[in-house]
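Below are the chains, spelled out letter by letter.
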Amino acid sequence: MVQVTPWYALAGCAFAGLLSCGALVGCAGPTSAPRAAQAEASGGASGADAPNPDFAETTHSPQLPADASADPDARALAAACGESDSALLGVAAHLVEQQSEAELALDVDAISYQLRAAGAPYVWPRAWLFTGSEGELEAAKTRMQHWLAGFSDGGVRRCGVSLVHEAGSRIRIGAVAVDVLADLRALPTRVRVGQWLELRATLRVPASEAKLVILGPHGAPHPVPTSLDGNTVRARFNADQPGAWLVQLLGAVDGGPRPVLEALLFAGSEPPRTPAVLEAPGEHEAEALSDPRTALLAMVNAARQGERLPPLTRDARLEALAQAHAEAMRHAHKTAHDAGDGDLNQRLEQQGLQLDAGENVAHAGSAALAQRALWASPSHRENLLFPRFNALGIGVAPDADGTLWVCQVFARMP
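Residues numbered from 1 in each chain as written. Predicted model: local features only at pLDDT ≥ 70, side-chain atom pairs only at ≥ 80, totals over all residues. Heavy atoms only, no water.

Caption draft 1: Representation of the pairing of strand β8 (residues 170-180) within the structure. Judged by how many residues are buried, β8 sits mostly within the fold: 10 of 11 residues are covered. Note: strand β6 (residues 126-133) against β8, eight bridges, orientation antiparallel. Among the inter-strand pairings, S133 is bridged to a residue of β8, identified as R170. The pairing of strand β7 (residues 156-166) with β8 spans 11 bridges and is antiparallel. Directly across from R157, in β8, lies its bridge partner D179. (Buried < 20%, exposed > 50% of the residue type's maximum accessible area, 1.4 Å probe, protein only. Helix = DSSP H or I, 4+ residues; strand = E, 2+ residues; numbered from the N terminus. Pairing = 2+ DSSP bridges.)

Laid out in structure tokens, this is it:
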């Protein structure tokens, strides 16, 4: 029997107070979207390329499932997982088709891109794979439920579960699950250059504020005016450059600000058929550094250098704040701006600091993967490239499984 549950680099959120120019915050944990999103947002086919019929015409949710499987075992697994969604089911089926016992590492970028290609706006997906015998079906179901119980982001749990019966009484099961905090009304994935677009979303959890951040083919990410009326979010933006655009909706929800949905669209171009992996700036140079804090600082400053911004210097007070929060996230096993120790503003006040400050948090398999995820997220990139920041504190808390809980605290020091 082989059971695989991957760690994914997870995109997060950046807020300037939430909508003013005060504190900026961002969050990242286990899922696949950012790495693929970075590749997609930076690349894209030209208008002369052949159409990609496998990429959905719109991004929207929920996507009602097709008729229930005739296989009672598959139906039982799906019922144990959560609310069915056809996009998630398609990704789960592809996962099962592509994976084998010899391929224990799940393809993070492919899973993420498949979600976007299926027209799903979901963020923070988790994937699970099981290979065994028919006699282990109930054991597999129990293990899947244990895996599902290991995370909870709030909102509505949606799943896709695929079961394949093979020769020799063998089975393969793949599951992709998300906790949905917002649903998206249909947004086109192919648009004209210069076309104005309206994003309309429905929140599934309470939120005090919302903000849409977009990352075009060139330049830094930027927020656009966003309205929140009850649980309805609206925003308009202009795809004024040819190429790929990453759209990220952020919400101030329980536990702090975080992304609630994402979409990819292509102005005057076709979606690529496969995702590319783009590294964070400075990642190759940072590989030679054994200390993850030093490596993260090097990658942050490489990103800023690429945009002709001054480098950040490490500050002992910010370092202590960042380290304490990284350890709090590890203890709570939760990627959040408030892991039971207060949000960034509260933690600054406790230390007697009154600063323009921001925070990125992540949970990933290495410093490079954490930075890759943060760089790929429009809202995190806002923090990394915020021109007024001049100092940085970095906290890293290694976990028993080899993963790292990472916190970056940015500030304007006098």
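Caption draft 2: Expanded view of the packing of aromatic side chains. Within this structure, the stated rule accounts for seven aromatic pairs. For the ring pair W128 and F130, a centre distance of 6.0 Å and an interplane angle of 20° mean the geometry is stacked. The pair formed by W128 and F130 is uniform in burial state, with each residue classed as buried. These aromatic residues form a ring-pair network of at least three members: W128, F130, W147 and F151. For R258, the ring lying beneath its charged end belongs to W124, and the centroid distance is 3.7 Å. Against the face of W375 rests R381, its NZ or CZ located 3.9 Å from the ring centre. (Phe/Tyr/Trp six-rings, centres within 6.5 Å; stacked < 30°, edge-to-face > 60°. Lys NZ or Arg CZ within 6 Å of the ring centre and 35° of its normal.)

Caption draft 3: How the structure looks around the packing of helix α2 (residues 72-81) against helix α5 (residues 137-148). For the pair α2 and α5, interaxial distance at closest approach is 10 Å and the crossing angle is 20°. Considering their axes alone, α2 and α5 lie roughly parallel with respect to each other. Once α2 is placed against α5, the crossing between them reads as right-handed. Taking contact as the criterion, the partners of D73, A76, L77, A80 and C81 in α2 are, on α5, L137, K141, M144, Q145 and L148. Residues belonging to the contact of α2 with α5 are distributed by class as follows: seven nonpolar, one polar and two charged. (Axes fitted to C-alpha atoms, helices over the stretch in contact; angles between N-to-C directions. Parallel < 35°, antiparallel > 145°, perpendicular 65-115°, else oblique. Left-handed = near helix turned anticlockwise from the far one by under 90°. Contact = heavy atoms within 4.5 Å. Nonpolar A, V, L, I, M, F, W, Y, C, P; charged D, E, K, R; others polar.)

In short, shape yes, function no, at least from these values alone.
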